[in-house]
Amino acid sequence: MSFTAPSSFSTRPTLQGTFGMSASTHWLATATAQSVLERGGNAFDAATAAAFVLHVVEPHLNGPGGDLTAIFSNAQDPAPKVLMGQGPAPAAATREHYLAEGLDLVPGSGALAAAVPGAVDAWLLLLHDHGSWRLPDVLDYAIGYARHGHPVAAGVCRTIETVRELFAEHWTSSAAQWLPDGKPPRTGELVFNHPWASTLQKLSQAAPDGSRNEQITAARELWKQQIAAAVETFAKTPHRHSDGRDHAGVISAQDFRDFSAYYETPVTLEFRGHTIVKAGPWSQGPALLQSLRILDGFDDEYLDPSTALGAHHILEAQKLAYADREAYYGDREDIPLEVLLSADYAAGRRALIGERASHSFRPGVVPGREAFTPPLRTEYSTSNINSAGLGEPTVRASGETRGDTCHLDVIDRWGNIISATPSGGWLQSSPYIPEVGFCLGTRLQMSWLEPGGPASLEPGHRPRSTLTPTLLLKDGRAVSALGSPGGDQQDQWQLLFLLRTLVGGYSPQQAIDAPALHTTSLAGSFWPRTWEPGGAVVENRLGEEVITELEHRGHRVTRAGDWALGRLCVVGVDPASEVFYAAANPRGMQGYASGR
């Protein structure tokens, strides 16, 4: 049986050119990145400028108080590197403190869930070390959109509507920013963020007469001093959290000063003639590599997401990989990746896949290690889709909000390439800080309060992040950058893309457009940390015959709609022709690619 042929219909062409390509989850960020390339900037200048624009135009999906993971290759030093912009737990974020507050989980919203913001420092580090533009020129795009306004996207308006009551009753500073007339903005209406424009201006002018690098260094210092002090003062005031009670945050200016973004060596796996490059086990990235290692032992017909046979085996492989994520991944020195990614270990995991859907939590056995078993809650759905199926934030009676993520990719004419996934600091994550113009993030909700686990809460340690960009190498050269928003689904949707392009021969846009699916039979990373035994979410376009067969195999299937799942972006280069390409997700009518 051969791989299912791609549909003859494509929502857009896969873009091609010879100059450079950009793709992101918002058209204004894509246009910004491409503008920088056209004006002579490199991929790192372009990505940084676009990222600061994303803070402004997708405030419900990321913000300056959030975090960042990126993987990049510099043409002058092509060995891929991870840009680590995931801040750790604050010094006062002890397990004992949260238990004393009457909590058994880190909240899903409010300052108690805030890790140290890492995104701004990480982008400035990248610009300092690998960019070419001066800081004022890079930040000018975002300053303009924050100060003079931008047409607000529909998703922002929907998000503000879901938290209108929370803002009006409890987070009054957020209401003043996002409900100035007592109601959410209308789609396409100009919205502004003057305090953030002022903060950006301060960063831009931190050392106006200094050299390029002196300006960036001064901006990083200002962020860790003046901006951090304002954040600490605001966070000390108790405010409503997702447990329905008021708490004060524990983050301090010293936490900002103690953190600096840095680079790491990535984790890699060979698959079908390519090297798949991911961040380390403090992220969920190695789970994609484990899934590929398990699936690589099957014939191609078992790897086709468009058939019941392929979908079943993909879902089952992912359940096994994500059980290992929970059991073994975290910000620790002794994560047994060598074992988890080995061929022998994968063979043992592969043998567990049968004809029926598993409804069990089944981490593997690593010699000398005890697998951590999280408390598996089933009270809520973890499918993370709303009625439109677009993964927008949800709000429950307790005031809990769930946000999502952004993504951007850039490749330039010199061969520099970057895949970046910014997130956190959503407008619905914690109250707006009017002095600086942004919100704190909630990444600590991915840390368990149960002791002894690899991802248990510990001051100074990073929460196990869901942010997971991907770089592909061919014969040692970086040839593709891709990624997606989606929390626990990010790598699941990227897996479908890789299988369809590397095994099935789909073009990038065909692979992005093709029907998507994912498992919810995993311990969710977001408050309230629930799972659905045997759960699977599919796009209706997968077809009734395939969906019915999955149900017969024991999968508890949720039909999400025709165009509901997966929001990938990708850029790359064909090493044979040297032609660049780019593609972006049409779902939600927000992501775009550009290039020439």
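Being a predicted model, the structure only gives us computed values, none of them experimental.

A. Focus on the overall build of the protein chain. Helices and strands together make up the secondary structure of the protein chain, namely 18 helices and 21 strands. Its C-alpha radius of gyration of 22 Å places the protein chain within 12% of the 25 Å reference for a compact globule of 596 residues. With the principal axes as the frame, the protein chain shows a C-alpha extent of 65 × 55 × 45 Å. Buried positions account for 66% of the 596 residues belonging to the protein chain. In the form shown here, the protein chain has an accessible surface area of approximately 19,300 Å², with 50% of it arising from carbon and sulfur atoms. Placing the 47 positive and 64 negative side-chain charges of the protein chain at their respective mean positions leaves the two points 2 Å apart.

B. Molecular detail of the packing of aromatic side chains. Throughout the structure, instances matching the rule amount to 10 aromatic pairs. On the numbers, 5.5 Å between centres and 75 degrees between planes, the contact of F44 with F72 is edge-to-face. You can see F44 sitting in helix α2 (residues 43-57) and its partner F72 sitting in strand β3 (residues 67-74), a full 28 residues away along the chain. With relative accessibility at 0%, the residue F44 sits in the buried group. Since its relative accessible area comes to 1%, F72 is described here as buried. One aromatic cluster is present, built from ring pairs that chain together W196, W223, F256 and F438. For the cation-ring pair, R529 lies above W448, with the distance from its terminal atom to the ring centre recorded as 3.8 Å.

C. View of unusual backbone geometry. Cis geometry marks the peptide bond from W527 to P528; its omega dihedral reads 5 degrees. Tracing the backbone shows P528 in the loop between β16 (517-519) and β17 (535-538). Within the chain, R272 stands out as a residue other than glycine whose phi angle is a positive 50 degrees. Within the element layout of this structure, R272 appears in the loop between β10 (267-271) and β11 (274-278). Backbone geometry places E578, a non-glycine residue, at a positive phi of 65 degrees. Position of E578 relative to the elements: it lies in the loop between β19 (569-574) and β20 (579-584). On the basis of relative accessibility, which here comes to 40%, the residue E578 falls in the partly exposed class.

D. View of the packing of helix α13 (residues 308-328) against helix α16 (residues 490-503). Between α13 and α16, the shortest axis-to-axis distance is 12 Å and the interhelical angle comes to 135 degrees. Considering the angle they form, α13 stands oblique to α16. With respect to the hand of their crossing, α13 and α16 are arranged in right-handed fashion. Where α13 abuts α16, its residues I314, Q318 and Y322 lie against D491, Q492, L495, L496 and L499.

E. The arrangement of the sheet that holds β17 in detail. Overall, mixed pairing links the three strands, which are arranged β16-β17-β18 in an open sheet. Unpaired on one side and paired on the other, β16 and β18 (556-559) mark the two borders of the sheet. Between one strand and the next, the sheet's axes are offset by a mean angle of 20 degrees, whatever the strand orientation. Pairing of β16 with β17 involves three bridges; the strand directions are antiparallel. Bridge pairing in β17 links H518 to V537. Along the sheet, helix α18 (residues 544-552) contacts β17 and β18; its crossing angle with β18, the most-contacted strand, is approximately 150 degrees.

F. Fine view of the sheet that holds strand β21 (residues 592-595). Within the open sheet, the seven strands sit side by side as β9-β4-β3-β13-β12-β2-β21. Their pairing is antiparallel. Of all strands in the sheet, those bounded by a partner on one side alone are β9 (262-264) and β21. Each neighbouring strand pair of the sheet contributes to a mean axis angle of 15 degrees, computed without reference to strand direction. By the bridge criterion, four bridges tie strand β12 (residues 408-411) to strand β13 (residues 417-423) in an arrangement that is antiparallel. Counted as the bridge partner of L408 is A420 from β13. Each of β3, β12 and β13 touches α2; the most contacted strand, β12, lies at about 160 degrees to it. Each of β3, β4 (77-85), β9 and β13 touches helix α4 (residues 119-130); the most contacted strand, β3, lies at about 15 degrees to it.

G. Region of interest: the pattern of salt bridges. Evaluated as defined, the whole model comprises 31 salt bridges. Put simply, E161 and R164 hold a salt bridge, and the shortest N to O gap is 2.8 Å. Assessed through its relative accessible area of 30%, R164 is described here as partly exposed. A salt bridge links R245 to D243; the nearest nitrogen and oxygen atoms lie 2.9 Å apart. One salt-bridge network, held together by shared partners, links R325, E326, R464, D488 and R529.

H. Layout of the pairing of β18. Pairing geometry for β17 and β18, over four bridges, is parallel. Across the sheet, A536 pairs through a bridge with V557, a residue of β18. Following the backbone out of β17, through α18 and into the adjacent parallel β18, one traces a crossover that is right-handed.

I. Seen up close, the confidence of the model for the protein chain. Within the protein chain, residue pLDDT values average 94, and 96% of them lie at 70 or more. With pLDDT under 50 throughout, residues 380-401 is counted as low confidence; its partners more than four residues away or in other chains account for 73 contacts.

J. Broad picture of the state of the cysteines. For the structure shown, the criterion picks out zero disulfides. In this structure C406 is a free cysteine whose sulfur lies 9.6 Å from that of C569, the closest cysteine sulfur available. Judged by relative accessible area, C406 falls into the buried class, the value being 0%. With no disulfide partner, C439 has as its closest neighbouring cysteine sulfur the one in C406, 14 Å distant.

Parameters at a glance
- Residues numbered from 1 in each chain as written.
- Predicted model: local features only at pLDDT ≥ 70, side-chain atom pairs only at ≥ 80, totals over all residues.
- Heavy atoms only, no water.
- Helix = DSSP H or I, 4+ residues; strand = E, 2+ residues; numbered from the N terminus.
- Rg over C-alpha atoms; globule rule 2.2 N^0.38 Å.
- Buried < 20%, exposed > 50% of the residue type's maximum accessible area, 1.4 Å probe, protein only.
- Areas by Shrake-Rupley, 256 points an atom, 1.4 Å probe, with all protein chains shown as cover.
- Lys, Arg positive; Asp, Glu negative; His and termini not counted.
- Charge placed at Lys NZ, Arg CZ, Asp CG, Glu CD.
- Phe/Tyr/Trp six-rings, centres within 6.5 Å; stacked < 30°, edge-to-face > 60°.
- Lys NZ or Arg CZ within 6 Å of the ring centre and 35° of its normal.
- Axes fitted to C-alpha atoms, helices over the stretch in contact; angles between N-to-C directions.
- Parallel < 35°, antiparallel > 145°, perpendicular 65-115°, else oblique.
- Left-handed = near helix turned anticlockwise from the far one by under 90°.
- Contact = heavy atoms within 4.5 Å.
- Pairing = 2+ DSSP bridges.
- Salt bridge = Lys/Arg side-chain N within 4 Å of Asp/Glu carboxyl O.
- Right-handed = clockwise from strand over helix to strand, strands pointing away.
- pLDDT = per-residue confidence, 0-100.
- Disulfide = S-S within 2.5 Å.

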